[in-house]
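# Close look at the chain arrangement
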Amino acid sequence: MNAHLLESIENLKNSEVKNLVNTRIREFKENGAKSNGEIFIELCFCILTANFNAEKAIKIQTEIGKDFLTLPESQLAEKLKRLGHRYPNTRAKYIVKARKYKDSLKEVISSFNVEDELREWLVKNIKGIGYKEASHFLRNIGYTNFAIIDFHITDLLARYKLLEKPKTLTKKEYFKIENLLREIAEKSNLNLAELDLYLWYMETGKILK
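A brief report on the enclosed structure follows. (Residues numbered from 1 in each chain as written. Predicted model: local features only at pLDDT ≥ 70, side-chain atom pairs only at ≥ 80, totals over all residues. Heavy atoms only, no water.)

## A short note on the packing of aromatic side chains
Under the criterion given, the structure shown has four aromatic pairs. Pairing Tyr-101 with Trp-121 gives two aromatic rings, centres 5.0 Å apart and planes at 75°, and the pair type is edge-to-face. Of this pair, Tyr-101 sits in the loop between helix H6 (88–98) and helix H7 (105–110) while Trp-121 sits in helix H8 (residues 115–125), placing them 20 residues apart in sequence. Judged by relative accessible area, Tyr-101 falls into the buried class, the value being 14%. Taking the centre distance of 5.2 Å and the plane angle of 80° together, the rings of Tyr-131 and Phe-175 count as edge-to-face. In this pair, Tyr-131 is assigned in helix H9 (residues 131–140) and Phe-175 in helix H11 (residues 171–187), connecting sequence segments 44 residues apart. (Phe/Tyr/Trp six-rings, centres within 6.5 Å; stacked < 30°, edge-to-face > 60°. Helix = DSSP H or I, 4+ residues; strand = E, 2+ residues; numbered from the N terminus. Buried < 20%, exposed > 50% of the residue type's maximum accessible area, 1.4 Å probe, protein only.)

## Quick notes on the environment of Glu-183
Tracing the backbone shows Glu-183 in helix H11. Owing to a relative accessible area of 43%, Glu-183 belongs among the partly exposed residues under this scheme. Separated by 182 residues in sequence, Glu-183 and Met-1 have C-alpha atoms that sit 8.4 Å apart.

## Focus: the packing of helix H4 (residues 54–64) against helix H5 (residues 73–82)
In the contact formed by H4 and H5, the axes pass within 10 Å of each other and the chain directions differ by 135°. In terms of their interaxial angle, H4 and H5 are classed as oblique. As H4 runs across H5, the sense of the crossing is right-handed. Packed against H4, whose contacting residues are Ile-60, Glu-63 and Ile-64, the element H5 presents Leu-76, Lys-79 and Leu-80 at the interface. Broken down by class, the residue content of the contact of H4 with H5 amounts to four nonpolar, no polar and two charged. (Axes fitted to C-alpha atoms, helices over the stretch in contact; angles between N-to-C directions. Parallel < 35°, antiparallel > 145°, perpendicular 65-115°, else oblique. Left-handed = near helix turned anticlockwise from the far one by under 90°. Contact = heavy atoms within 4.5 Å. Nonpolar A, V, L, I, M, F, W, Y, C, P; charged D, E, K, R; others polar.)

## Quick word on a positive patch on the surface
Taken together, the side chains of Lys-93, Lys-97, Lys-100 and Lys-127 make up a positively charged region of the molecular surface. Mapping Lys-100 onto the fold places it in the loop between H6 and H7. (Patch = residues over 30% accessible without salt bridge, like charges linked within 9 Å, V, L, I, M, F, W, Y side chains within 5 Å. Areas by Shrake-Rupley, 256 points an atom, 1.4 Å probe, with all protein chains shown as cover. Salt bridge = Lys/Arg side-chain N within 4 Å of Asp/Glu carboxyl O. Lys, Arg positive; Asp, Glu negative; His and termini not counted. Charge placed at Lys NZ, Arg CZ, Asp CG, Glu CD.)

## Overview of unusual backbone geometry
Even without glycine at this site, Asn-51 takes up a positive phi of about 55°. Along the chain, Asn-51 turns up in the loop between helix H3 (36–49) and H4. At Lys-161, a residue that is not glycine, the phi angle is positive and equals roughly 60°. Relative to the helices and strands, Lys-161 resides in the loop between helix H10 (151–159) and H11. We classify Lys-161 as exposed; its relative accessible area is 73%.

This is how it looks when you write it as structure tokens:
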């Protein structure tokens with residue numbers, strides 16, 4: 001394990017960043033208690049983030065809001081395009097397809113006792129959701145034991161010589177990196193949700209969601 005990385009995380013834990021991380025984690029837990037519709041909107045946000053900028057996705061989510069639940073596919077695509085999404089047509093199609101769960105998402109989520117099985121269900125049943133997006137969604141509604149592995153995280157780990165940056169993130173590669181992050185989290189006395197926010201801050205200087 002890289003001592004410099006652990007030291008950098010520890011320094012952040014002893015700075016004002018800790019309050020930002022704790023606030024965000026609290027917000028995630030509150031999200032999990034919201035209505036089916038609000039949780040579905042959070043799922044839509046995670047569908048939008050695939051191969052796209054998270055900050056721009058946050059702005060789009062704020063702008064569209066409850067229209068994610070009802071807008072016809074063509075109008076949703078047009079709105080995504082106007083708001084600058086990279087893949088407006090594909091994402092609109094995925095969101096409309098996922099609407100079959102918009103009134104039952106909480107029930108589906110609560111029906112799983114094993115978190116890993118819940119993530120697998122999301123990946124298999126929600127078009128446009130891979131392991132990163134499923135982990136992101138679950139983190140944003142209060143789950144703390146999944147890693148959100150994107151290029152920010154792989155770049156950072158490669159810089160600290162903890163891995164060679166993968167060309168593609170297969171399921172096997174994703175789980176391998178997730179296990180590495182679990183080790184870092186354990187040594188840092190953090191859960192994976194907290195660790196992700198600290199690592200994101202190290203890479204971007206921001207605490208997003």
